[in-house]
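# Remarks on the overall topology
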Amino acid sequence: MNGSRSLRDRINLTVRDIPRSGIRDFFDIVSTMKDVISLGIGEPDFDTPWHVRESTVFALERGVTHYTSNYGYLELRRALARYVARQFGGEYNPDDEILVTVGVSEALDLALRALLNPGDAVLYHEPCYVSYRATILFAHGMPLAAETKAENGFRLTRAMLEAKATPKTKVLMLNFPNNPTGAIMSRQDLEDIAAFARERDLIVITDEIYGELTYDTPHTSIVSLPGMRDRTIFLHGFSKAWAMTGFRLGYACGPADLIEAMMKIHQYTMLCASSMGQKAAIEALARPEVDVGEMVDEYRRRRNFIASAFTEMGLACHRPLGAFYAFPSVARFGCTAKEFALQLLQEEKVAVVPGTAFGACGEGFVRCAYATSMENLKEAMVRMRRFVGRLQAG
Amino acid sequence: MDELLKILQANATESRENIAKMLNLPLAEVNQRIADYEKRGVIRGYQAVLNEDQLDLDRVTAVIEVKVTPQREGGFNTIAERISRFPEVRSAYLMSGSYDLLLFVEGRNLREVAAFVSERLSPLEGVLSTSTHFMLKTYKRFGVLMHQDTPDERLSIAP
Ligand SMILES: Cc1ncc(COP(=O)(O)O)c(C=O)c1O
């Protein structure tokens, strides 16, 4: 551009300075290779239940192709209110306490933008979903990461939060069942965290997108604990439990004042979530026990399989209790997580994601998603075992 | 249903070792339970699910609705079991509704099936009437779709 500053220089500084997702770098390498078995995919391998897809086609045929209410179809919000009350123990008024969004991704962004003034701090826990830190920064917040540890199953403790909290801390962000560790929180664990949030008067944003996917004990939501509903924004969506990632459908539930603030941003930046996606979601809520139940049973078998395969090959791994991720330690091989992942990819064509993609404290771990067919898992475990055997011998 | 049976029903060739891992059970217990199921006749066999349309076989399948009179002793069972013993009959079910038995009958060609119906099935004492439909194409069998699997559309790495 004739003599003017370079285009890069004009980019907003926050945006410019945020690195690309580590996942993205790894994707670029994997996508150049053939015959890779990927344990790196953070989305279900299952197809969206057929009745949901079929009813989406029907919705299109009927011409459901228009803008909807900013909040989302009332019929959907009513169904969500019933579902969230039953499944998570949170009571919300469908008129003004539920907002349908373009995935949990949008809901998260809205919640942070609706709450934060520049410099307000957000406590969250790492290793965590790749977007959290960036989303906080985009909302001009100050990210404060508490580090969860393998020793206690990657659960979050009050002490970890206290060590990081500052007087400017306004929001606490939680994600259990957790991506990438597969950790869950017991009711007792959550009670400690809830007490902390109440004492510090924090707003809690809880991303429970994997809430249906627990394998040994049922999930407890923090919104069901005393005094928490009125300071919590509950986020959920259809991507994981219903295998509907491409529909891009999520929702936020919370006190009307907060939902209204989020709706304001949503109204001006997004208008509404896709109308056919919303119809699909209504159908998905018709019989969750069946659709989700079958997938949970299959994930549990895979979880059991992968956990015992890791034990057999001598990879230390805390027991994954939720979501569809195992997070074994590779620290004892004397290489970084990235080196391990690259070498495994090159030598055995198995893709796992280095733990560092989910925060610096993910060093020494790799994320293995078991959202892939049992056939693939079996072959991947054979290859990993060979690889680990060589590392041990060498 | 026992999860062990679900796994075998989905893939009878699954190794015992893998089943043990999936169910988080000792191998010996898996072996024992399968042996029990076999002994009790709950597991009656293991078969491959074939897409026969790809094999160009000299074979037709007829679906036959049969009306029968139940016997004084044994009700429908006596006649149904008698019919089931013909090797041509691949499956046989007692039905509710406008007919009693539903049969899946195989033969090399239409004439052979017709002969089975007219010479073996219809003359049986107790068989009142039959209605025969020939199968043209298989889309799904035993829960398995017969067309090519759709490829995995997912990105190879995703957050
Ligand atoms: C913890 C977590 N939150 C949110 C998302 C994004 O979900 P959505 O598809 O609803 O935007 C993901 C996807 O991987 C996730 O793992």
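Read on for a plain summary of the structure. Given the structure is predicted, the values throughout are model-derived calculations rather than measurements.

### A closer look at the overall build of chain A
Assigned secondary structure in chain A consists of 14 helices and twelve strands. A compact globule built from 394 residues should have a C-alpha radius of gyration of about 21 Å, and chain A, at 21 Å, falls within 12% of that. Along the first, second and third principal axes, the C-alpha set of chain A runs to 65 × 60 × 50 Å. Scored against the burial criterion, the 394 residues of chain A give a buried share of 58%. The long-range share in chain A, meaning contacts at least 24 apart out of those at least 6 apart in sequence, stands at 76%. With 45 positive and 47 negative side-chain charges, chain A shows a spacing of 4 Å between the two charge centroids.

### Here's the deal with the sheet that holds strand β12 (residues 366-369) of chain A
Residue and element names in this part refer to chain A. Taken in spatial order, the three strands of this open sheet run β9-β12-β11, and their pairing is antiparallel. Looking along the sheet, the strands with just one partner apiece sit at the ends: β9 (325-326) and β11 (353-354). The pairing of β11 with β12 spans two bridges and is antiparallel. Opposite P354, over in β12, you have V366 as the bridge partner.

### As for a nonpolar patch on the surface
Residue and element names in this part refer to chain A. A cluster of nonpolar side chains, namely I11, V15 and F138, defines an oily patch on the protein surface of about 250 Å² accessible area. Inspection of the secondary structure puts F138 in helix α7 (residues 131-138). Its relative accessible area of 41% is what places F138 among the partly exposed residues.

Thresholds, definitions, all that
- Residues numbered from 1 in each chain as written.
- Chains lettered and ligands numbered in written order.
- Predicted model: local features only at pLDDT ≥ 70, side-chain atom pairs only at ≥ 80, totals over all residues.
- Heavy atoms only, no water.
- Helix = DSSP H or I, 4+ residues; strand = E, 2+ residues; numbered from the N terminus.
- Rg over C-alpha atoms; globule rule 2.2 N^0.38 Å.
- Buried < 20%, exposed > 50% of the residue type's maximum accessible area, 1.4 Å probe, protein only.
- Contact = heavy atoms within 4.5 Å.
- Lys, Arg positive; Asp, Glu negative; His and termini not counted.
- Charge placed at Lys NZ, Arg CZ, Asp CG, Glu CD.
- Pairing = 2+ DSSP bridges.
- Patch = residues over 30% accessible without salt bridge, like charges linked within 9 Å, V, L, I, M, F, W, Y side chains within 5 Å.
- Areas by Shrake-Rupley, 256 points an atom, 1.4 Å probe, with all protein chains shown as cover.
- Salt bridge = Lys/Arg side-chain N within 4 Å of Asp/Glu carboxyl O.

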